[in-house]
Amino acid sequence: KYKGDIEFIVLQKVIICLIAGAGAGFGTGLAGMSAAAVIAPMLVTFLQVKPYEAVGIALASDVLASAASAHTYKKNKNIVKNGLVMLVSVLIFTLVGSYLASFLPQATMGGFSMFMTLLMGLKFIFRPVMEAKESNRNRSKKKAAIQSVVCGMIVGLICGIVGAGGGMMMLLVLVVVLGYEIKTAVGTSVFIMTFTALTGALSHFAIGGEITDWSILVMCILSTLLFAMATAKFANKASAKVMNRMLGFGLLALSIVMITVNYII
């Protein structure tokens, strides 16, 4: 009986890590979402991992998955040319957003990001983004640079305040506010999330995020990476119509899972 209990625990751990990694990898490769939005709540709920440790594992999983996805989008020329300018702006204002977040109720902000994921999923299903806005195709380099800085400021504040929902908010700003085509928006989002995840992971572990179960960390990193690579490769070959539908239904499913884990289970 004791041996059977151990085998069940190990099997449960493997299944949860694979499901969490698959969901996170899908969200990263297709929407530039942070893996923390999926992995952290699942590890806490189903494997009783401490919240601080779960976030550290999720951030570590996010780094390689985002980097691999960004590489795929870059090869297909689906990253904004001023991506580096936007990145610097995002990183600076993420710090500002983090400071402001200390004065806000975290439960409210977390709930906001989950329900925003749901709304974004519905948006891509019923009002797909088929191409970039006309204003984007004819703008000057100076205007593009200024927009990148402003967008970075907005996104950085959002990332700092809502944390795990930063990738989703970034996609919202790039598509709805700045009018980028869907693949370019996702590629830019996942490129920036690579560095925000790396910064977050390093600071998290430096502060004291110790890993008590390395097998969970390894399984989450590998499963997230593999699913992110596969999803990003498929997304760059898919048509705008297919991309919108996949993104819409994918975000809808992820939001339902996150809402279920956080508010129902």
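Residues numbered from 1 in each chain as written. Predicted model: local features only at pLDDT ≥ 70, side-chain atom pairs only at ≥ 80, totals over all residues. Heavy atoms only, no water.

## A closer look at the overall build of the protein chain
Definition in use: The helix count covers DSSP runs of H or I at least four residues long, the strand count covers runs of E at least two residues long, and both are numbered beginning at the N terminus. With a 1.4 Å probe rolled over the protein chains alone, any residue whose accessible area is under 20% of its type maximum counts as buried; one over 50% counts as exposed, and the rest are partly exposed. We get accessible surface area from the Shrake-Rupley algorithm with a probe of 1.4 Å; when it comes to residues, only the shown protein chains can shield them.
When its secondary structure is counted, the protein chain shows 11 helices and zero strands. Ordered by position from N to C terminus, the α and β elements of the protein chain give α-α-α-α-α-α-α-α-α-α-α. Relative to its 265 residues, the protein chain shows a buried fraction of 54%. Surface summary for the protein chain: the accessible area is close to 12800 Å², and the carbon and sulfur share equals 72%.

## Topic: the packing of aromatic side chains
Using the following cut-off: Stacked, edge-to-face and tilted are the three classes for Phe, Tyr and Trp ring pairs, Trp counted by its six-membered ring, which pair at centre distances within 6.5 Å; planes under 30 degrees apart are stacked, over 60 edge-to-face, the rest tilted.
Counted under the stated rule, the structure contains one aromatic pair. For the pair F191 and F195, a centre-to-centre distance of 5.5 Å together with 75 degrees between the ring planes defines the contact as edge-to-face. Here the residue F191 and the residue F195 both occupy positions in helix 9 (residues 182-207), the gap between them amounting to four residues, near one helical turn.

## Notes on the nonpolar core
The following threshold applies: Residues belong to one nonpolar core when they are buried, are Ala, Val, Leu, Ile, Met, Phe, Trp, Tyr or Cys, and are joined through side-chain atoms within 4.5 Å. Residue contacts follow a heavy-atom distance rule, with two residues in contact if any of their heavy atoms lie within 4.5 Å.
Ranked by internal contacts, the top residues of the largest apolar core, which has 62 residues, are L43, F124 and L171. Per-element tally for this core: the top contributor is helix 2 (residues 36-47), with eight residues. Setting aside residues no more than four positions away along its own chain, L171 makes contact with A31, M120, F124, A185, V186, S189 and L247.

## Considerations on the state of the cysteines
Stated precisely, the cut-off is as follows: Cysteine sulfur atoms are paired as a disulfide whenever they fall within 2.5 Å.
One pass over the structure, following the stated rule, counts zero disulfides. We note that C220 lacks a disulfide partner, and the nearest cysteine sulfur, in C17, lies 3.9 Å from it. In this structure C220 comes out as buried when scored by relative accessible area, which is 0%.

## Some thoughts on helix 10 (residues 214-237)
Here is the rule we go by: Expected span, for any helix, means 1.5 Å times one less than how many residues it has.
The terminal C-alpha atoms of helix 10 lie 35 Å apart, and with 24 residues this matches the ideal 34 Å at 1.5 Å per residue to within 8%. Those residues of helix 10 not exposed but buried are I216, L217, C220, I221, S223, T224, L225, A228, T231, A232, A235 and N236.

## Remarks on the confidence of the model for the protein chain
Condition: Confidence scores per residue from the predictor, reported as pLDDT, run from 0 to 100.
With 83% of its residues at a pLDDT of 70 or more, the protein chain shows a mean pLDDT of 80. Model confidence for the protein chain, summarised as mean pLDDT per element, is weakest for helix 6 (residues 134-137) at 59 and strongest for helix 10 at 94.

## Topic: unusual backbone geometry
Positive phi, normally seen in glycine, also occurs at Q48, with a value near 55 degrees. By secondary structure assignment, the location of Q48 is in the loop between helix 2 and helix 3 (51-75).

## Quick look at the side chain of E53
What counts, and what does not: Lys and Arg are tallied as positive, Asp and Glu as negative. Neither His nor the chain termini are counted. The working definition used for a salt bridge is a side-chain nitrogen of Lys or Arg within 4 Å of a carboxyl oxygen of Asp or Glu.
If you trace the backbone, E53 turns up in helix 3. Salt bridges are absent for the buried E53, whose nearest opposite-charge side chain, K50, sits at 6.3 Å. Discounting chain neighbours no more than four positions away, the residues touching E53 are E210, I211, T212 and D213.

## Digging into the side chain of T196
Applicable threshold: We call two N or O atoms a polar contact when they sit within 3.5 Å, provided that within protein one can donate a hydrogen and the other can accept it, with sequence-adjacent residues counted only if both atoms are side-chain atoms.
Its location among the elements puts T196 in helix 9. Note on T196: relative accessible area 14%, which makes it buried. At 3.1 Å, the side chain of T196 forms a polar contact with the backbone oxygen of M193. Dropping the residues within four chain positions of it, T196 is found in contact with V90 and L91.

## A closer look at the pattern of salt bridges
The tally for this structure, following the rule as stated, stands at one salt bridge. Across the salt bridge formed by D213 and K13, the nearest N and O atoms sit 2.8 Å from each other. Of this pair, D213 sits in the loop between helix 9 and helix 10 while K13 is found in helix 1 (residues 2-31), placing the two residues 200 residues apart along the sequence.

## Thoughts on the packing of helix 2 against helix 3
We count it as follows: Note on geometry: axes are lines fitted to C-alpha atoms, helical ones only across the stretch in contact, with angles between N-to-C directions running from 0 to 180 degrees. It is the rotation of the near helix from the far one that decides the hand of a crossing: anticlockwise by less than a right angle makes it left-handed, clockwise makes it right-handed. Just so you know the grouping, Ala, Val, Leu, Ile, Met, Phe, Trp, Tyr, Cys and Pro go in nonpolar, Asp, Glu, Lys and Arg go in charged, and all remaining residues, Gly too, go in polar.
Across the interface, helix 2 lies against helix 3 with an axial gap of 8 Å and an inter-helix angle of 145 degrees. Crossing hand, helix 2 versus helix 3: right-handed. Counted together, A36, I39, A40, L43 and V44 of helix 2 and P51, A54, V55, I57, A58 and S61 of helix 3 form the full contact between these two elements. In the contact of helix 2 with helix 3, the residues fall into 10 nonpolar, one polar and no charged.

## Description of a nonpolar patch on the surface
Quick reminder of the rule: The patches reported here contain residues having more than 30% relative accessible area and no salt bridge. Joining distances are 9 Å for like charges and 5 Å for nonpolar side chains (Val, Leu, Ile, Met, Phe, Trp, Tyr).
Side chains of V85, I146, V149, V150, M153 and I154 sit close together on the surface and give an oily, nonpolar patch of about 420 Å² of accessible area. Following the sequence through the fold, M153 ends up in helix 7 (residues 141-162). With relative accessibility at 31%, the residue M153 sits in the partly exposed group.

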